[in-house]
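So you can see what is in the structure, the chains are spelled out below.
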Amino acid sequence: MSAANAIIERMTGRINDQSLLFQYTIKLVLIVSFSELILYRLVSRLGMHLSKLAQTHEWIIPTFTALTGIGEWLLNAVAILLFLALAVGVVNRMAGRGFVGSNRIVVPAVTLLLLLTAGFLLVPPAFLGSAIYNFVALVALVCLMTEYLSAHTEWSHRAMGLTYLLGIGGWLYYQIVSTIYSFSGTVAAPPLVYEAHRAGEALMVLSSILVFWAYGRGVSFRTRNQQQRRRAIWFWATAGSTFTLMLFLDYLLKQYDPGLATSIRKAADGIGWIFQFGMGYTFFLPFALYMAGLLCWAYTVIKLLTMGRLAGYGIGLMFIAGYALLYSNLTLMVVLGVMLLTMDRPRRDAADSAPVVNAPVIGTPDSFAGGHT
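For clarity, every value in this text was computed on a predicted model and none was experimentally measured. (Residues numbered from 1 in each chain as written. Predicted model: local features only at pLDDT ≥ 70, side-chain atom pairs only at ≥ 80, totals over all residues. Heavy atoms only, no water.)

## Details of helix α4 (residues 103–122)
- The end-to-end C-alpha distance of α4 is 29 Å, a good match for the 28 Å that 20 residues give at a rise of 1.5 Å each.
- Of all the positions in α4, only N103, V106, V107, A109, V110, L113, L114, L116 and T117 are classed as buried. (Helix = DSSP H or I, 4+ residues; strand = E, 2+ residues; numbered from the N terminus. Expected span 1.5 Å × (residues − 1). Buried < 20%, exposed > 50% of the residue type's maximum accessible area, 1.4 Å probe, protein only.)

This is how it looks when you write it as structure tokens:
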């Protein structure tokens, strides 16, 4: 392979290697989408849950109404930013690779998703339109994740990517098959939709935990770096105590005060209801597993963001979208997140593909090189 081809294969893993337009768009997408999650998908449901309390506290209704209004504005803002980010990402892929390989499927699929999203703003989708939209999204995600799995040989990366694809695929299968059966008007129950929905949620939770194994490592007690050792002590102490407390909280409260345990259980059901409508999690698994996934995801995303890694932005968007992709912007968010994840790759040195002539005596350490996918 020529040296020119070897340079083309060097993939970027840092957001600073991208164009300024793409950098600021991705950063805004992450910030605005997280704010939309809090203010619209979660706070609005919390306001509905506090309807009885609002009868005695007049400030609750106007406060939550204002926050929900801000969330609705953020929902439109993140949709516009997602359109821009995906358009720039598609252009970058075409400029860096051309219409070859996985781009033959990814580029048309993502483009069709954008066109369908814009078209559905004018003409609301019927059953068949929703099924086609979810199917195109599934095709794009499968191709992008296949590209990611082929470029990452570590088992931790592959386990995380595969469980996420199967998890979100469970939801998309549930939506596609249920919609097709509703469109056909048949009274027969769709095959395995309930099992796929439950298995998909379990795999999503598992993937959020595996994110730490794949990208969040480096919190070992055996390191000589004092800062990393303090970080390890803080993380494992917090993670261990939180997981243990959540796992046995109901039992301990029941032993201490059955009435208090009942009240806490009802409050937990309310929180589960909010997250179910906001992110699609039904909480049929032990609550401690969801908390472990949240802690592992949050630590890993913060770590990667401080390093300027594209994987941090990608993983952040993939799980901010949640499990139930009830809005088109959530589907686009997942596609953009996986696309960013595929862009985070260490470079392939020319020595991997061709012998180096007059190689230096002292080699250079591996780093992330610039370029577009």
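That covers the picture; the talk isn't over yet.
## Observations regarding the packing of aromatic side chains
- Under the defined criterion, the tally for this structure stands at 8 aromatic pairs.
- For the pair W171 and Y174, a centre-to-centre distance of 5.6 Å together with 40° between the ring planes defines the contact as tilted. Pair noted here: W171 and Y174 are both in helix α6 (residues 155–184), with a separation of 3 residues, about one helical turn.
- According to the relative accessible area criterion, W171 is buried, its value standing at 4%.
- For Y174, a relative accessible area of 27% gives the class partly exposed.
- For the ring pair Y281 and Y290, a centre distance of 6.0 Å and an interplane angle of 70° mean the geometry is edge-to-face. Here Y281 and Y290 have matching classes, each one buried. (Phe/Tyr/Trp six-rings, centres within 6.5 Å; stacked < 30°, edge-to-face > 60°.)

## What to know about the side chain of T117
- Inspection of the secondary structure assignment puts T117 in helix α4.
- Residue classification places T117 among the buried positions, given a relative accessible area of 5%.
- Looking at T117, its side chain comes within polar contact range of the main-chain oxygen of L113, at 2.7 Å.
- T117 has contacts with F83, Y133, S328 and L332, leaving out every residue within four places of it along the chain. (Polar contact = N/O pair within 3.5 Å; in protein donor to acceptor, adjacent residues only side chain to side chain. Contact = heavy atoms within 4.5 Å.)

## Some words on the confidence of the model for the chain
- In the predicted model, the chain carries a mean pLDDT of 79, and 73% of its residues have values of at least 70.
- No element of the chain has a lower mean pLDDT than helix α1 (residues 3–8), which averages 38, and none a higher one than helix α11 (residues 310–320), which averages 94.
- Under a pLDDT of 50 for its full length, residues 1–11 has, in the predicted model, 21 contacts with residues more than four places off or in other chains. (pLDDT = per-residue confidence, 0-100.)

## Points about the nonpolar core
- Of all hydrophobic cores here, the largest spans 75 residues; its most connected members are Y164, Y215, I315, L336 and L340.
- Take this core: its biggest share by element is 11 residues, from helix α12 (residues 328–343).
- In this structure L336 touches I26, V29, L82, A85, L86 and L317, once residues within four positions along its chain are discounted.
- Counting 5 residues, the second largest nonpolar core, distinct from the first, contains F212, F235, A239 and Y299. (Core = buried A, V, L, I, M, F, W, Y, C linked by side-chain atoms within 4.5 Å.)

## Overview of unusual backbone geometry
- The phi dihedral of L192 is positive, around 60°, even though this residue is not glycine.
- Although it is not a glycine, F283 adopts a positive phi angle of roughly 60°.
- Its location among the elements puts F283 in the loop between α9 (258–279) and α10 (287–306).

## Overview of the environment of V205
- Assignment of secondary structure puts V205 in helix α7 (residues 193–215).
- The spacing of V205 and Y164 is 41 residues in sequence and 8.7 Å in space, taken between C-alpha atoms.
- Not counting the four nearest positions on each side in its chain, V205 is found in contact with Y281, L285, L289 and Y290.

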